[in-house]
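# Observations on the three-dimensional arrangement
Here is how the chains run, residue by residue.
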Amino acid sequence: MAISHSGTGSGTGAGSDPGTGPGAADNAPELIQAVPLRRPGRWIAAAIVIILLFLFLYGAATNSAYDWSTYGHYLFDKRVSKAAGVTLSLTVLAMFFGIVLGVVLAVMRLSPNPVLRYVSFGWLWFFRGTPVYVQLVFWGLLVVIYKQIDLGIPFVHQFAHIDTQNLLTYYWLAVIGLALNESAYMAEIVRAGLTSVDEGQDEAARALGMSWGQTMRRIVLPQAMRVIIPPTGNELISMLKTTSLVTAVPLTTELYSRTRDLAVETFNPIPMLLVASTWYLFFTSILMIGQFYLERYFARGASRKMSVRQLQALADAQGVGNQKGLI
Amino acid sequence: MAEPMVRSELVCKNFGALRVLKGISLTVDRGEVTCLVGPSGSGKSTFLRCINHLEQVTAGRLWVDGELVGYHERGGKLHEMPAKDAARQRRDIGMVFQKFNLFPHLTALENISEAPIRVKKQKKTVATDRARELLDQVGLSDKAKAYPAQLSGGQQQRVAIARALAMDPKLMLFDEPTSALDPELVGEVLDVMKELARGGMTMIVVTHEMGFAREVADSLVFMDAGVVVESGKPREVLANPQHERTKAFLSKVL
Ligand SMILES: Nc1ncnc2c1ncn2[C@@H]1O[C@H](COP(=O)(O)OP(=O)(O)OP(=O)(O)O)[C@@H](O)[C@H]1O
Ligand SMILES: [Mg+2]
């Protein structure tokens, strides 16, 4: 993450140039109060968009195929909101494990240890190379393929015997399936972030005696976050919708399957599709708001621009700092 | 005289087939300032990086404060040093880089207090108070909350020096600390370094600032193509270089 400092350094000098001293305010010229530029193009464009939007909404409201009364009836139906909760929890859990595993895989991929590198590469090759739908079907069959798990030293001693049927519900199989697939994509996103951080950062941290782990956690990862977050937001939103594939496991308690089942009940799929879409859009909006704040947090220090508060603090300090000067 | 702070005996460094250092021998006594000069590519940075084990020496021996750098010697054999021990050696050696390498996501104050808190396990309040003292010492007490991108080059480099000092190093390494700076900002950084030298800090400085070398350094080492060509008192070397290569180089930078 190159901070560009070459050659432009003189811009924010030591704060001791004459024009900004405390006495300068007395004879400073009046602030400019210019008449803002007129921008008719914007108004015309806005008018066209509003008219089109109105026409669309009017059409939708009057078209009986949308069946708005059914829509209104089912939007907050207990079964629907519960299914929406399942979708949300699947998304959050799968992304959580996907991100954690992705970070581990990315670090392994960059590690000097060749065994770790190849394991990571093989994992990526497999999970990115097969469709997530196929993987989910496979996870559903897992309990059939491996009916029991024996823990122990192979052929010698057995500590424990577990029936897979009791161990994993379809819900958790869906979480695992989605998370493992996601980890492969997250690994590449995290790797791109880590390699985008300037080598000098790692060097400076090591020169201070920080361990590899401290350097990663405190110095490299926080800077990599700026690169990692936007595509991760993408992944999160895409995961929200990928959860509709878990019928392959088969898990049918999430939003899409549930609304489809209800559509059979009402004989009209369109309002139920609208119900599902509304919920997806609602969650997506919340996630986007979260992303905005995360991005703002990790962008700190990235720009020369300062917040109003920072500028005020500097201006206050200037009064004191000026007289003191440099050593 | 006690054990010197840095003792280098025939230090060599190869990158694969490329031989960069070809037997560097020199000593730096406690409290001394040594300036390293030489043409680009002569291996000055590489030698500095060997001293705090950012690069591993491939032949010869290097001691800092009487301790072998980067290896344990047991039963007449050298063993590669575990990362933990190398980190322990590094934390007593401060390093200042040409490109500052401040942590852009931390404020000036946090840049300075980070390593004492994480590495030395100092209490946050203690480390922060000390960081404020150091900022004051480099003349930047009003910039505690500024991020590096909001500081001028000279200010960034002074924060970087304060960051290195926060670990209470016994040796400071400077790799061309002023060569990325606009001319009018060079002085403020050199002033901080002079102050440090007067305070008795042992320093090795790679620089092209011959004025600084003449005024502050106890010895001047001229390197070329991975060897020490000549060394001595700065005034003597600068006024009366013995070697052709030294003469040629000095005629360009003076
Ligand atoms: N990691 C590396 N791998 C391979 N070659 C390297 C590496 N680091 C340095 N070198 C080579 O070693 C030689 C010396 O580099 P070094 O940076 O020590 O020179 P320098 O004297 O500091 O020059 P400058 O004044 O330009 O900074 C150069 O030829 C450089 O290309
Ligand atoms: Mg160099």
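Refer to the structure presented above.
Given the structure is predicted, the values throughout are model-derived calculations rather than measurements.

### Things to note about the overall build of chain B
Scanning chain B from N- to C-terminus turns up 9 helices and 12 strands. The C-alpha radius of gyration computed for chain B amounts to 18 Å, which stays within 12% of the reference 18 Å derived for 254 residues, consistent with globular compactness. Oriented by its inertia axes, the alpha-carbon framework of chain B measures out at about 50 × 50 × 40 Å. Burial analysis of chain B (254 residues in total) assigns 59% to the buried set. The contacts in chain B between residues at least 6 apart in sequence include a share of 64% that link residues at least 24 apart. Of the charged side chains in chain B, 35 are positive and 32 negative; the average position of the first set lies 5 Å away from that of the second.

### What to know about the sheet that holds strand 12 (residues 227–232) of chain B
To summarise the sheet geometry, strands pair through backbone hydrogen bonds and adopt either a parallel or an antiparallel arrangement. All names here are of chain B. What the 6 strands build is an open sheet, ordered 8-9-10-3-11-12; its pairing is mixed. In the strand order of this sheet, the two ends are held by strand 8 (93–96) and strand 12, each with one partner. With direction set aside, neighbouring strand axes in the sheet form an average angle of 15°. Strand direction decides the pairing type here: strand 8 and strand 9 (residues 171–175), joined by 4 bridges, are parallel. Each residue of the ladder has a partner; that of glycine 94, found in strand 9, is methionine 172. Set on the sheet, helix 1 (residues 44–51) makes contact with strand 3 (33–37), strand 8, strand 9, strand 10 (202–206) and strand 11 (219–224); between it and strand 9 the angle comes to about 155°. Helix 6 (residues 183–198) rests against strand 3, strand 9 and strand 10 of the sheet, and its axis sits at about 150° to strand 10.

### Things to note about the packing of aromatic side chains
Two descriptors summarise a pair of aromatic rings, namely the distance from one centre to the other and the angle between the planes of the rings. One pass over the structure, following the stated rule, counts 15 aromatic pairs over all chains. Ring centres of phenylalanine 54 of chain A and tyrosine 58 of chain A lie 6.2 Å apart, and the angle between their planes is 25°; on these two criteria the pair is classed as stacked. Highlighted residues: phenylalanine 54 of chain A and tyrosine 58 of chain A, both in helix 1 (residues 40–62), separated by 4 residues, approximately one helical turn. The burial state of phenylalanine 54 of chain A is the same as that of tyrosine 58 of chain A; both residues are exposed. Between the aromatic rings of phenylalanine 126 of chain A and phenylalanine 127 of chain A, the centroid separation amounts to 5.1 Å while the plane-to-plane angle is 90°, which identifies the pairing as edge-to-face. One aromatic cluster in this structure is built from Phe76, Trp279, Phe282 and Phe283 of chain A. A cation sits over an aromatic face here: arginine 7 of chain B above tryptophan 63 of chain B, 4.3 Å from the ring centre. Just above the ring of phenylalanine 15 of chain B sits the side chain of lysine 13 of chain B; from NZ or CZ to the centre is 5.1 Å.

### Here we look at helix 3 (residues 108–118) of chain B
Helical periodicity: at 3.6 residues per turn, an α-helix aligns residues three or four positions apart in one direction. Burial runs high along helix 3 of chain B: 9 of the 11 residues are buried. Where helix 3 of chain B is buried, its residues contact helix 9 (212–242) of chain A together with helix 4 (124–137) and helix 5 (153–165) of chain B.

### As for the site of ligand 1
Residue and element names in this part refer to chain B. Taken together, Phe15, Leu18, Val20, Pro39, Ser40, Gly41, Ser42, Gly43, Lys44, Ser45, Thr46 and Glu176 make up all the residues around ligand 1. Within the side chain of serine 40, one N or O atom sits 2.5 Å away from an oxygen atom of ligand 1. The contact in question runs from an oxygen atom of ligand 1 to an N or O atom on the backbone of serine 42, over 3.2 Å. With the chains in place, 59% of the 640 Å² that ligand 1 exposes on its own is no longer accessible. Sorting the residues of the shell around ligand 1 by element identifies strand 2 (18–28) and helix 1 as the ones contributing at least two each. Its residues assigned to classes, the shell around ligand 1 comprises 4 nonpolar, 6 polar and 2 charged.

### Section: the side chain of glutamate 182 of chain A
All names here are of chain A. Among the structural elements, glutamate 182 can be located in helix 7 (residues 170–196). Although glutamate 182 is buried, it forms no salt bridge, and the closest oppositely charged side chain is arginine 128 at an N-O distance of 11 Å. Apart from the residues lying within four places of it in its own chain, the contact partners of glutamate 182 are Met95, Gly98, Glu235 and Met239.

### Quick notes on the sheet that holds strand 2 of chain B
Residue and element names in this part refer to chain B. The 4 strands are arranged 2-1-4-5 in an open sheet whose pairing can be described as antiparallel. What marks the edges here is a single partner per strand, and that holds for strand 2 and strand 5 (67–68). Taken together, the 2 bridges between strand 4 (residues 59–64) and strand 5 define a ladder with antiparallel strand orientation. Note that in strand 5 the partner of valine 64 across the bridge is glutamate 67.

### Comments concerning the packing of helix 4 (residues 114–129) of chain A against helix 7 of chain A
Geometry of a packed helix pair, given as the angle between the helix axes and the separation of the axes. Residues and elements named next belong to chain A. One way to put it is that helix 4 packs onto helix 7 with a least axis distance of 9 Å and a crossing angle of 120°. One element, helix 4, and the other, helix 7, form an angle in the oblique class. The handedness of the crossing between helix 4 and helix 7 is left-handed. Note on element contacts: helix 7 touches helix 4 through Leu180, Asn181, Ser183, Ala184, Tyr185, Ala187 and Glu188, opposite Trp123, Leu124, Phe127 and Arg128.

### Structural notes on the environment of alanine 28 of chain A
Mapped onto the secondary structure, alanine 28 of chain A falls in the segment before helix 1. Taking the C-alpha atoms as reference, alanine 28 of chain A lies 65 Å from asparagine 63 of chain A; in sequence the two are 35 residues apart.

Criteria and cut-off values
- Residues numbered from 1 in each chain as written.
- Chains lettered and ligands numbered in written order.
- Predicted model: local features only at pLDDT ≥ 70, side-chain atom pairs only at ≥ 80, totals over all residues.
- Heavy atoms only, no water.
- Helix = DSSP H or I, 4+ residues; strand = E, 2+ residues; numbered from the N terminus.
- Rg over C-alpha atoms; globule rule 2.2 N^0.38 Å.
- Buried < 20%, exposed > 50% of the residue type's maximum accessible area, 1.4 Å probe, protein only.
- Contact = heavy atoms within 4.5 Å.
- Lys, Arg positive; Asp, Glu negative; His and termini not counted.
- Charge placed at Lys NZ, Arg CZ, Asp CG, Glu CD.
- Pairing = 2+ DSSP bridges.
- Axes fitted to C-alpha atoms, helices over the stretch in contact; angles between N-to-C directions.
- Phe/Tyr/Trp six-rings, centres within 6.5 Å; stacked < 30°, edge-to-face > 60°.
- Lys NZ or Arg CZ within 6 Å of the ring centre and 35° of its normal.
- Near = heavy atom within 4 Å.
- Polar contact = N/O pair within 3.5 Å; in protein donor to acceptor, adjacent residues only side chain to side chain.
- Areas by Shrake-Rupley, 256 points an atom, 1.4 Å probe, with all protein chains shown as cover.
- Nonpolar A, V, L, I, M, F, W, Y, C, P; charged D, E, K, R; others polar.
- Salt bridge = Lys/Arg side-chain N within 4 Å of Asp/Glu carboxyl O.
- Parallel < 35°, antiparallel > 145°, perpendicular 65-115°, else oblique.
- Left-handed = near helix turned anticlockwise from the far one by under 90°.

All we've got here are geometric facts, nothing functional implied.
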